[in-house]
Each structure stands twice: as C-alpha cells, then as structure tokens.
Amino acid sequence: MSSFPEVLTQVAALWDTRRDELLSAGAALAEALKAQTNLNLEAGGRLPDVGALEAAARGLSGAFDHANGGWGGAPKFPQPAVVEFLLRRHHATGDEATLRMATTTLDAMMRGGIYDQLGGGFHRYATDEIWLVPHFEKMLYDNAQLARVYLHGWQVTGNEAYRRIVEETLDYLRREMLDPAGGFYSAQDADSEGEEGRFFVWTPEEIRSALEGTSENPASDATLFSAAYGVSDTGNFEGSNILFAARAGSEIAEEQGLDPVDVEVRLARAREALLSIRAQRVKPGLDDKVLAAWNGLALAAFAEAARALDRDDYREIAERNASFLLAQMRDPRGRLLRTWKDGHAKLNGYLEDYADVADGLLELYQTTFDPRWFDEARALADTILDQFSDPAGGFFDTSDDHESLIVRPKGLQDCAAPSGGAMAANVLIRIAHYTGAAEYERAAEAAISRVRIAMEQAPLGFSAWLSALDLLHGPPRELAVVGGDPSDLLRVARATYQPHLLVASGETATVALLEGREAIGGQATAYLCQRFTCERPVTTPAELAALLG
C-alpha cells in the first residue's frame, strides 16, 4: 500500500497531466456518496402503522441472546435504545415475552463486570458475550442512557435493584464527571499506569488488606465479599479479578446460616472500604471536553430521575446543567455550539446537539414546570425545522449555514447514541402536543416515513426511530394540572411508567395546553386530554389514577 506522501505526489502529478479525468472521477465519487446517504430512504413514503412496531419486536426476539441477554455475541454492547423500545411495546401490549427480553438484559448487565460494582456506572462494552470482561472506558452517553432505561425498568417492574443502579450511576456521574461550571465531561479512559483496567481490578490479598482497617474480622469479611463478587485466587482478568455480582447476599446467608441483614451490612461496609482504597490509586485519564449532545442525554436522565425518585439534588444538577448549556454553549446568535473546554465553546452544533438538548429541556420542564425550559426547547425545535430540514423529509446532520461539505450528511442509524433524526422526531411530536401546532408533528411524520424500510429491515439499528413511531401511535396524551397545590396529582402522574404522557402545570400561557384550563373550587385540577380534547376534569388523586389507567 502506498504511503500518504506517495499518494499526494501521485495526485499532484495527475493534476498536471490528467486533470479532467481527476475532476470527472471526483464528481462520480461525490454522486456515489450522495446515493449512499440516501440508501434505504423511501422518498415520499407512507407512515408505518402499528404493524411495523409489532414486526420490529418479533425481529428483536429472533436475534435475542436468551441465555445472556442482549443481542449478538462478543463483543457485546449495551443497547439502551433497544431496551427502551421493548419497554414501550410491553406498555402498549402487555406482552410478557417482550418485557422478558428487556429485564433479562438489564439483569445481566447490572450483575456483570461491565457494571462498576463499587463505584457505579457502566463501562463501554463487554469483550465477551456474558458481560463479564469489559473494555474499561466509561462514556457519558452510555451512562446517561442506561440510567434512564433502568429508571424505566424500575417503574415497570418495581425491581428495587434497578433503582439502585439508577442512583449509583447518576451519583458516579455527579462525583467524577461533573465540571464545576455545570457541564458533564465526555469519558474516562480504560487505562491507568499504562494498563487497561488496572484501576478497577483486585487480587484477594488487596481485598483482605483493604478490609483490615474497617472490619472486626477482615478475613471472614473478605471471604464473604469474594463469594458475593466472584473473587478467586486465579482471577478472571490477567491474574486479577473483575468484580461481578456472582451471588446474592441472601443466598450466601441462607447457605451459611447467617443473618441476611448482617450479611448485607458487611458487604456494604466492604464495598465502601474498597472504594476508599481505590480512590487512592492512579485514576484513568479523563476526557474533560463537554459535548452538547451528550450533556443533553445526561440532562434528561437527571431531570427525569429527579421527579420519579423525588430527588431534589438531581433536580438541582439538572437545572444547573441546563443553565450551563444555554449560557456557555451558544454563540451570540443563540445557536448551539458543539463542544466546550476550559471556559471556551466552539464549533457549530449538529442535529444531535439540538435534538438531545431539547429532549433534556423538555424533561426538565416536566420536572420543574418552569416555562423557561419549555420555551428554550421549542426554540431549539424551531431551529431544527428552519436550519436542518430536508425538503424531501427528514433532517440533515448539519445546519444549512454549516461549512460546505462534499455531501451534507444524514446519519440515520442509532450507534452508541441515538440517531439525531430520531431524537428530533421524538422532540417535535411532543412539542406539537404541548402547543397544538401541527407543523412539528408533520415534520416528524415525514422523517419517520422516510426510514420505514430501514426500521423494518434492521430494528436493532433503528430502535430510537421505532420509539418515536411508538409515541406517534401511542397516542400521546396531554395532562394539564392547574390551580391549588398540584403535588398530589403530579405524584400520581409520576408513579408509573407513562411513555405517552406529556405533563404541563402552572398558570402561564406559554404552554398552549394550559390555556383555558380552570381550577375547580380553588383546588388543583387535572385535565387529561388527547389533541386538546379533554376528559372531565378531576381534583382527586384517585380520580386521576383511574383516568390514567
């Protein structure tokens, strides 16, 4: 293969002697790239019906690893957008097999070495098919999405272990990935001291040593901890041990005739001791740039967790993050910028930046009902329509005033993060139902229609689009709560997984859904609506619970 300098020399020579041929070949290449961009796009396609959602669920079942959870073999990646879609389908249909795919995957990931059993948070992917040995890098986008999907898993199943994962993961982000200015960093490296995983793995001797200062019987507690977290003398990673949830404390207690509560106390104390020792190790490198899109994902996770778990500290983090994004990551025109570091933001925002930040702001609005967050989300949605729309339907990744490129890209497939187009469609549908403005929903429908073939053929790669389609077919329901103290009514709305419910509250008319809604007898009053046509207003939590079903 020619070296790059050799290629440049050859091109320079051809430019002097065969320029017309080079220009012709370049034009042909540009056309091929444009054709590739539109691959699997259906021009003027129809909106997929509910059957497409059912077919996608069947397709995911056919590819599912029923033994280990997830999809595919090694390496195995978390796919939160897929799990989210399955939770939505279970909500819509009640199908237990669909829910089982989601919970099997959530259970396997949280028990495996891909999850940091001491410090919380998920590593990038597993190098095997059983979620044991990770690539130890930690990414903001993974942890933001996974925290949110575990939150939904908890709402659906009531499994308290899922709630624990949510809180441990968000606490990890707050502890290790939050800049003092309010933005979240991008990633932590896999390596420290030149070795992958060195920061995270343990030998039996290191565990015994760590417990000597905190345990009355360090040898016994080390044995207990090793049984619970799969620690052996031979190890499972280059002679050391990646911790994984090998056995439940209750199982060990029953086997050894111990008090289950005492076992859990001892394990918690051991985890705390090991985490304290680990904090003294050389930490992995930190990628401390702040990216708008990934922060939008984190904003949504903290905002939704704040209201679902009644955590004011998470709300405060979400509000601070939103204020940071809007103050520090916009140019003088008010347009989003892509990246921030050391007090300086730069580069035009991409579609995913606008869509993910708008999504986070909508979640924050539903947590605080501060109209500022809704107004800012709508402004971002308007920019998407104005600057990113493709006249043929859908959205480009770059704005129409972005630097000139050979091909204006349009990334449709979900990768590690959801497709910007899918997130935009989801945001636009919700804005439409808050405002009654049909142009938002029409744009979302046109975008979804163009990827109909791709969704049918490859649901694993288009699950965020499928979730947007699910929202359209839900159908969305709007809940307006006005007057009095709304907290009891809002608590009912937040008690369960309601992926098709959009909530507004307060007296301001900035959200059209609230216009003309009157409180009954001075009490907090709830209006449950569909496309602004409402049920009889109710004033008690029991009545609202009955309406929500």
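Each remark here, short or long, concerns the structure printed above.
Residues numbered from 1 in each chain as written. Predicted model: local features only at pLDDT ≥ 70, side-chain atom pairs only at ≥ 80, totals over all residues. Heavy atoms only, no water.

1. Digging into the packing of helix 3 (residues 50-62) against helix 19 (residues 463-473)
Step number 1: Interhelical geometry of helix 3 versus helix 19 gives an angle of 140° and a closest axis separation of 10 Å. What the angle tells us is that helix 3 and helix 19 run oblique. In the packing of helix 3 onto helix 19, the handedness of the crossing is left-handed. Across the interface between the two elements, Val 50, Ala 52, Leu 53 and Ala 56 from helix 3 touch Leu 466, Leu 469, Asp 470 and His 473 from helix 19.
Step number 2: Of the residues assigned to the contact of helix 3 with helix 19, the class counts are six nonpolar, one polar and one charged. (Axes fitted to C-alpha atoms, helices over the stretch in contact; angles between N-to-C directions. Helix = DSSP H or I, 4+ residues; strand = E, 2+ residues; numbered from the N terminus. Parallel < 35°, antiparallel > 145°, perpendicular 65-115°, else oblique. Left-handed = near helix turned anticlockwise from the far one by under 90°. Contact = heavy atoms within 4.5 Å. Nonpolar A, V, L, I, M, F, W, Y, C, P; charged D, E, K, R; others polar.)

2. Some points on the state of the cysteines
Step number 1: Tallying each qualifying case throughout the model produces one disulfide.
Step number 2: Between Cys 529 and Cys 534 runs a disulfide, and the two sulfur atoms are separated by 2.0 Å. Across the S-S bond of Cys 529 and Cys 534 the torsion is about 90°, and the bridge reads as right-handed. (Disulfide = S-S within 2.5 Å.)

3. Digging into the sheet that holds strand 10 (residues 344-348)
Step number 1: Judged by pairing direction, the sheet is antiparallel, and its three strands sit side by side in the order 8-9-10 without closing on themselves. In the strand order of this sheet, the two ends are held by strand 8 (290-291) and strand 10, each with one partner.
Step number 2: Two elements, strand 8 and strand 9 (residues 337-341), share two bridges in a ladder whose sense is antiparallel. Of the residues in strand 9, the one forming a bridge with Leu 291 is Thr 339. (Pairing = 2+ DSSP bridges.)

Distances and angles like these do not, on their own, reveal function.
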